[in-house]
Structures are given as structure tokens and as C-alpha cells.
Amino acid sequence: MDFPFVGGHEIIGTIVALGDKIDKRIWKIGDKVAIGANLSCKSCYQCKSGNEQNCEYFNHTQDIDGILYKGMGGFESHIVAHPNIMFKYNQITPEEATLTEPLSCVTIVWIRQVSN
Ligand SMILES: [Zn+2]
């Protein structure tokens, strides 16, 4: 792993500033958001078929735009996030919102129980 590295992938926060190119009709200072920081390659079959959670080349060493260090950056006090990876929330608690990322990338596996 390359350092400096800032881990943490169940990211939630409050927007404190907006860049010039951000659509102000959609995003407002004070909006509560969950961040989908994903280190998938965006190029393999799994990524292109909407299954980024199963990326064949998931890589902790790649950069995410706006995050200054390697890693998903959840332990930073502030991060810059592209709107493409932000999801507003307002009717759940922050604790519940932290589950957005882990619940978005679980894979359901059906297991048939076999009795002896
Ligand atoms: Zn991939």
C-alpha cells in the first residue's frame, strides 16, 4: 500500500462548499450526503455491466478525484467529491446513512441448505 493513505469507505457528510460547475438547482450547502467512493476500474466486464462491487481489478492504490491521498478518504475531516458519487439523504439518521455504501456493494448469494 502506498502512503499517505486515508481509508474509510462508509462516508457521509454535509456539503460545506460548492464548486463553480456544480448544478446549484440540485446541490445546496447544508445538504446531507452519502458518498459512494468506489475504487473499481470502470473498465472490466463487471464494471461495465453495473456490477462494480465485483470489479475484477479493484485497486486500493488508485486515486479518486478530489481525495488528496490514496484510499477512499472516509477518515478525512473534509473531502472533495464529484456529484456522480454523492447521494442525498434526509429521512434517515446519519448512522443509517453510513450503511449506504456497504449495502450498495454486497453480493447476494443464494445458498441451498442441504441436510444430511
Ligand atoms: Zn472493474
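Owing to the predicted nature of the structure, the values given are computational and were not obtained by experimental measurement.

The rules behind the values
Residues numbered from 1 in each chain as written. Predicted model: local features only at pLDDT ≥ 70, side-chain atom pairs only at ≥ 80, totals over all residues. Heavy atoms only, no water. Salt bridge = Lys/Arg side-chain N within 4 Å of Asp/Glu carboxyl O. Helix = DSSP H or I, 4+ residues; strand = E, 2+ residues; numbered from the N terminus. Donors = N, O, S within 2.8 Å, 3.2 Å for Na, K, Ca; no water. Tetrahedral: all angles 85-135°; square planar, octahedral: opposite > 155°, others 65-115°. Pairing = 2+ DSSP bridges. Axes fitted to C-alpha atoms, helices over the stretch in contact; angles between N-to-C directions. Buried < 20%, exposed > 50% of the residue type's maximum accessible area, 1.4 Å probe, protein only. Polar contact = N/O pair within 3.5 Å; in protein donor to acceptor, adjacent residues only side chain to side chain. Contact = heavy atoms within 4.5 Å.

**A look at the pattern of salt bridges**
- Considering all chains together, one arrives at 2 salt bridges under this definition.
- For Arg 25, the salt bridge is made with Asp 23, and the minimal N-O distance between the two is 2.7 Å.
- Lys 88 serves as the salt-bridge partner of Asp 31, at 3.4 Å between the closest nitrogen and oxygen. Placement of the pair is Asp 31 in the loop between strand 1 (11-14) and strand 2 (32-35) and Lys 88 in strand 3 (residues 86-88), with a sequence separation of 57 residues.

**Quick word on the coordination of the zinc ion**
- Coordination sphere of the zinc ion, protein contribution only: Cys 41 (SG), Cys 44 (SG), Cys 47 (SG) and Cys 55 (SG), at 2.3 to 2.4 Å.
- Taken together, the 4 donor atoms surrounding the zinc ion define angles of 104 to 117 degrees at the centre, an arrangement classified as tetrahedral.
- Spacing between the donor residues of the zinc ion along their common chain follows C-x2-C-x2-C-x7-C. Here Cys 44 is found in the loop between strand 2 and helix 1 (45-48), whereas its partner Cys 55 is found in the loop between helix 1 and strand 3, with 11 residues between them in sequence.

**Things to note about the pairing of strand 2**
- Where strand 1 and strand 2 come together, 4 bridges link them in antiparallel fashion. Its bridge partner being in strand 2, Thr 14 is matched across the sheet by Lys 32.
- Bridge count between strand 2 and strand 3: 3 bridges; the pairing is antiparallel. Its bridge partner lying in strand 3, Ile 35 is registered against Met 86.

**A closer look at the sheet that holds strand 3**
- Pairing in this open sheet of 3 strands is antiparallel, and the strands run 1-2-3 from one edge to the other. Strand pairing shows two members of the sheet lacking a second neighbour, strand 1 and strand 3, which therefore form its edges. Each strand axis lies, on average, 30 degrees off the axis of its neighbour in the sheet, ignoring direction.

**Some details on the environment of Ala 17**
- Topologically, Ala 17 is positioned in the loop between strand 1 and strand 2.
- Given the relative accessible area of 56%, Ala 17 is considered exposed.
- Between the C-alpha atom of Ala 17 and that of Glu 101, which follows or precedes it by 84 residues, the distance is 22 Å.

**Considering the side chain of Asp 31**
- Residue Asp 31 is classed as buried on the basis of its relative accessible area of 15%.
- Within polar-contact distance, the side chain of Asp 31 engages the backbone nitrogen of Lys 28 at 2.8 Å.
- In this structure, Asp 31 is in contact with Gly 13, Thr 14, Ile 15, Ile 26 and Lys 88, ignoring residues within four places of it in sequence.

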